[in-house]
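# Structure at a glance
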Amino acid sequence: MSKTITGFSKLDKEEKTTWLINNFLTDFPDSHSVLNQYLNPNKKLQQLHDEFIENSISNYYLPFAVAPNFTINNKAYVIPMVIEESSVVAAASLVAKFWSKRGGFKAEVLSTTKIGQVHFMYAGAYLNLETYFNSLKPTLLKATESITKNMRKRGGGILDIELRDKTSDLDHYYQLHVTFETKDSMGANFINSCLETIANTFRKDDVEIVMSILSNYIPDCLVKAEVSCDIDDLGENGMEFAKKFYQALQIAQVEPYRAVTHNKGIMNGIDAVVIATGNDFRAVEAGVHAYAAKSGKYKSLSQCTINDGVFKFWIEIPLALGTVGGLTNLHPLSKLSLNLLQNPSAKELMMIVAVAGLAQNFAALKALTTTGIQKGHMKMHLNNILNQLEATKDEKLMLVNSLNNQHITYNSVNKALQQLRVQ
Ligand code: MEV
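Residues numbered from 1 in each chain as written. Predicted model: local features only at pLDDT ≥ 70, side-chain atom pairs only at ≥ 80, totals over all residues. Heavy atoms only, no water.

### As for the site of the ligand
By nearness alone, every residue bordering the ligand is listed as E85, R258, T261, H262, K264, G265, N268, A364, L368 and I373. Within the contact set of the ligand, an oxygen atom lies 2.6 Å away from a side-chain nitrogen or oxygen of E85. R258 places a polar side-chain atom, nitrogen or oxygen, 2.7 Å from an oxygen atom of the ligand. Its free accessible area being 300 Å², the ligand has 87% of it covered by the protein chains. Spatially, the ligand is embedded in the second largest pocket. It is helix α9 (residues 256–276) that provides the largest number of residues to the shell around the ligand, a total of six residues. (Near = heavy atom within 4 Å. Polar contact = N/O pair within 3.5 Å; in protein donor to acceptor, adjacent residues only side chain to side chain. Areas by Shrake-Rupley, 256 points an atom, 1.4 Å probe, with all protein chains shown as cover. 1 Å grid on protein atoms, 1.4 Å probe; cavity = no way out; pocket = protein on both sides within 12 Å on 5 of 7 lines; lining within 4 Å. Sits in = over half its atoms within 2 Å of the grid points. Helix = DSSP H or I, 4+ residues; strand = E, 2+ residues; numbered from the N terminus.)

This is how it looks when you write it as structure tokens:
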């Protein structure tokens, strides 16, 4: 039987599923019902999801949760989060409450410039290229006018086009380095359309265009979020806690193995809000990690100081987010998320997302430097295992109490459940 197929995308959903079951899911007898149970009976909604991508055969659910009690720049927020990791939302909610009693989070957008590049090869004399570029620059801008018209009305558009000589890195390699302001949209389509038009206008016999694409590295689209309070307000043993917290941050500054995990914890919060609001989490991930390595060494994205009895903890990250366009208004739950956040501008969303990351980092470091991370994780993990084992509500209640503070594994929970059932 052939396991390759032509015209798969032309098959309807049922035909696709049948082909998969016959060829690749022969050892998974429930495939059909597993796939079908996640299809939405609301045909219009299902079609909307199917049309997001090619070859859709079902929907993949993730929990949609909320973390209440966030105060950011003196405004109250309930933050929507989409994530599968059990402890993330609980941690965000606890930290939100903790800091709302200590003045809340403060956040500010430092810059909003996005970047795109036309990469090209040119073997001639640099001076000739420079003269060509300078004489053509107004024409390049003019050529994009129909694309930038609406964006310009909203106060955005192309900020500048620069010719960059990259021949010291790669023979004959040059760029048109273009900067953009995309206001409330993430801007990927807008930027790429502008770049392709610029490239087509710039093209000539001795200029070989290689590609035109936005950059997900946006070190000039930055947001900062912070919390601070008197050490005494951190609770019992405030100074001891602050010192250990500071040490944990110093370690994440100097040790890349730790920094990656430290930043992963930050991304737990960031990605969850980015996904809930219909934004591109891969773009955010790529840009944020590149920023963490901007000095040439991968470092913590957050920092902390203890000065004159004041504990200050902050994060500075690049974020390309939109509150219009893309999936943001197309996916009903993204739309709802943005409404829940009181329809923020892209700048306000940058602040909310940065705060979610900082809150998550605070929760992780607090746990790591005090009780350890496993206590909280295991509590949530226990619940997942009990669900997997199809424990009843009463069984769950009894086992959550009896296994409290014990080391949790699938086997230990299964054993305890079986024991309970024979009692
Ligand atoms: C787990 O998802 C995230 C942590 O590992 C983050 C950290 O170590 O800082 C707990």
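### Quick word on the sheet that holds strand β4 (residues 113–122)
Spatially, the four strands line up as an open sheet ordered β5-β6-β4-β7, and their pairing is antiparallel. Every other strand in the sheet has two partners, leaving β5 (157–165) and β7 (207–215) as the edge strands with one partner each. Sheet twist, expressed as the mean angle between neighbouring strand axes with direction ignored, is 20°. In this sheet, strand β6 (residues 173–181) lies alongside β5 in antiparallel orientation, the contact comprising eight bridges. Counterpart to E162 in the pairing with β6 is H177. Against the sheet, helix α7 (residues 188–202) makes contact with β4, β5, β6 and β7, and its axis sits at roughly 165° relative to β7, the strand it touches most. (Pairing = 2+ DSSP bridges. Axes fitted to C-alpha atoms, helices over the stretch in contact; angles between N-to-C directions. Contact = heavy atoms within 4.5 Å.)

### Here's the deal with the pattern of salt bridges
Overall, the coordinates contain 11 salt bridges when judged by the stated rule. Measuring nitrogen to oxygen at the nearest pair gives 2.5 Å for the salt bridge that ties K13 to D50. With K13 in helix α1 (residues 13–23) and D50 in helix α3 (residues 43–50), the pair connects residues that are 37 residues apart, well separated along the chain. The exposure class assigned to K13 is partly exposed, which follows from its relative accessible area of 22%. For K75, the salt bridge goes to E348, with nearest N and O atoms at 2.9 Å. Here K75, found in strand β2 (residues 75–82), pairs with E348, found in helix α12 (residues 346–369); they are 273 residues apart in sequence, far enough to count as distant. (Salt bridge = Lys/Arg side-chain N within 4 Å of Asp/Glu carboxyl O. Buried < 20%, exposed > 50% of the residue type's maximum accessible area, 1.4 Å probe, protein only.)

### Description of the nonpolar core
Membership of the largest hydrophobic core comes to 70 residues, with the highest contact counts inside it found for F70, W99, F105, F311 and L319. At 13 residues, α12 tops the list of elements feeding residues into this core. Excluding anything up to four places from it in sequence, F311 contacts W99, V227, S228, C229, I231, L234, A242, F245, C304, T305 and F362. Counting residues in each nonpolar core, the second largest holds 26 residues, with Y122, I161, V178 and I191 among its members. (Core = buried A, V, L, I, M, F, W, Y, C linked by side-chain atoms within 4.5 Å.)

### Notes on the domain arrangement of the protein chain
Its domain assignment divides the protein chain into domain 1 (8–50), domain 2 (65–109 + 223–370), domain 3 (114–215) and domain 4 (376–421). Here domain 1 and domain 4 have C-alpha centroids that lie 33 Å from each other. (Domains from an automatic or database assignment.)

### A closer look at the pairing of strand β9 (residues 302–307)
Examined bridge by bridge, β9 and strand β10 (residues 310–318) share six bridges and lie antiparallel to one another. Each residue of the ladder has a partner; that of S302, found in β10, is I315. The loop that links β9 with its antiparallel partner β10 comprises two residues; one of these, D308, has a positive phi angle of about 45°.

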